[in-house]
Amino acid sequence: MGPSGSGKSAVGLALAQRLGLPFVDADDLHPAANVAKMAAGFPLDDGDRMPWLDVVAAALRDAPGGVVMACSALARRYRDRIRGGAAAPGVVFVELRVPRDELARRMGSREHFMPSSLLISQLQTLEHLEPDEAGVVVAGDPPLADVVDAALAALERYQSLR
C-alpha cells in the first residue's frame with residue numbers, strides 16, 4: 001500500500017515471485033469510469049473508491065492460497081473495508097514509505113493513467129498504518145531488491161510476534 005509512485009506494483013510483483021504467490025494489481029480492477037476520472041486529473045472520492053475496494057476485497061477472498069495485491073489503500077477506512085470485505089483476517093498490509101520528492105520524480109517519469117498532479121490529493125488522503133493494524137512499514141526508496149528483502153524480513157518479524 002501507498003500513494004502512486006511508491007513502487008507498489010514493482011515491489012508487489014517481486015514479492016509475489018519470491019513468495020511463489022500470484023500477483024494482482026488493484027489498478028487493473030478499477031472500473032473504466034475511475035480510470036477516466038483520474039486520467040482527466042480528478043481525484044477519486046469515497047463514492048468512487050468503495051465499490052472498487054469491494055472488488056479488491058473479493059479478489060483477496062477468492063484467492064484462498066494467498067495473493068500479493070498492490071493497492072493504494074491510502075486511508076484506514078479503505079483498509080478496514082478491504083479487511084471486512086475480504087472476510088480474511090489474515091490480510092497484512094506492507095506500507096511503502098517514499099519521500100514526497102521521490103514520489104513526484106517517479107510519477108513524472110512513467111506512463112500511467114494517473115497524472116502527477118494527483119499526488120497532492122493522494123498525500124492528503126494518506127493515513128499511515130496505525131499500530132493496531134495488521135501490517136508493516138518499509139522504506140520504498142532503496143533499490144527494488146532491498147525493498148523486497150526488507151518487506152520479507154518485516155513480514156517474518158510481524159508473523160513471529162503474532
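Note that the coordinates shown come from a computational prediction; the quantities given were computed from them, not determined experimentally. Note that residues are indexed from 1 along each chain, following the sequence as it is written. The predicted nature of this model means local features are confined to residues of pLDDT at least 70 and side-chain atom pairs, given and counted, to a pLDDT of 80 or more, with totals for whole chains, interfaces and linings taken over all residues. Note that water and hydrogens are dropped before the side-chain values are worked out from all heavy atoms of the structure.

Participant: So what exactly am I meant to see when it comes to the layout of surface pockets here?
Facilitator: Of the two site types, the cavity is a set of points on a 1 Å grid over the protein atoms alone where a 1.4 Å probe fits but cannot get out, and the pocket is an open set with protein on both sides within 12 Å along at least five of seven lines, each lined by residues with an atom within 4 Å of a point. Grid points are joined across faces, edges and corners, and a volume is the space filled by probe spheres set on the points. The calculated volume of the largest pocket comes to roughly 720 Å³. In terms of lining, the largest pocket is formed by 31 residues, of which the most central are Val-67, Val-68, Met-69, Val-91 and Val-92. Listing elements by their share of the lining of the largest pocket, those giving two or more residues are helix H1 (8–19), helix H3 (46–61), strand S2 (68–70), strand S3 (93–97) and helix H7 (144–161). Residues of the lining of the largest pocket, tallied by class, amount to 24 nonpolar, four polar and three charged. Helix and strand assignments come from DSSP, with helices taken as H or I runs of at least 4 residues and strands as E runs of at least 2, each series counted from the N terminus. Ten residue types, Ala, Val, Leu, Ile, Met, Phe, Trp, Tyr, Cys and Pro, are classed as nonpolar, four, Asp, Glu, Lys and Arg, as charged, and the remainder, Gly among them, as polar.

Participant: How do you make sense of the pattern of salt bridges when you look at a structure like this?
Facilitator: Between side chains of opposite charge, a pair can form when the charged atoms approach closely. The term salt bridge refers to a side-chain nitrogen of Lys or Arg lying within 4 Å of a carboxyl oxygen of Asp or Glu. Applying the stated criterion across every chain yields a total of 17 salt bridges. Residue Arg-61 pairs with Asp-62 through a salt bridge whose shortest N-O separation is 3.4 Å. Only protein chains enter the calculation, and the probe is 1.4 Å; a residue is then buried if its accessible area is under 20% of its type maximum, exposed if over 50%, and partly exposed in between. Judged by its relative accessible area of 56%, Asp-62 falls in the exposed class. Its salt-bridge partner being Arg-83, residue Asp-80 comes within 2.5 Å of it at the nearest N-O pair. Of this pair, Asp-80 and Arg-83 are both found in helix H4 (residues 76–86), three residues apart, which corresponds to roughly one turn of the helix.

Participant: So what exactly am I meant to see when it comes to the packing of H1 against H7 here?
Facilitator: Each pair of packed helices can be summarised by the angle the axes make with each other and by the distance between the axes. Axis definition: a line fitted to C-alpha atoms, limited for helices to the stretch in contact. Angles are taken between N-to-C directions and run from 0 to 180 degrees. For the pair H1 and H7, the least separation of the axes is 10 Å and the interaxial angle reads 60°. Classified by the angle between their axes, H1 and H7 sit oblique to one another. Pair H1 / H7 crosses with right-handed handedness. Between H1, through Ala-10, Val-11, Ala-14, Leu-15, Arg-18 and Leu-19, and H7, the contact on the second element is made entirely by Leu-144, Val-147, Val-148, Asp-149, Ala-151, Leu-152 and Leu-155. Its residues placed into classes, the contact of H1 with H7 shows 11 nonpolar, no polar and two charged. In these notes the angle categories are as follows: under 35 degrees is roughly parallel, over 145 is roughly antiparallel, 65 to 115 is roughly perpendicular, and the rest is oblique. In this scheme the crossing of two helices becomes right-handed for a clockwise turn of the near helix relative to the far one and left-handed for an anticlockwise turn of less than a right angle. Only heavy atoms enter the contact rule, under which two residues are in contact if any of them lie within 4.5 Å.

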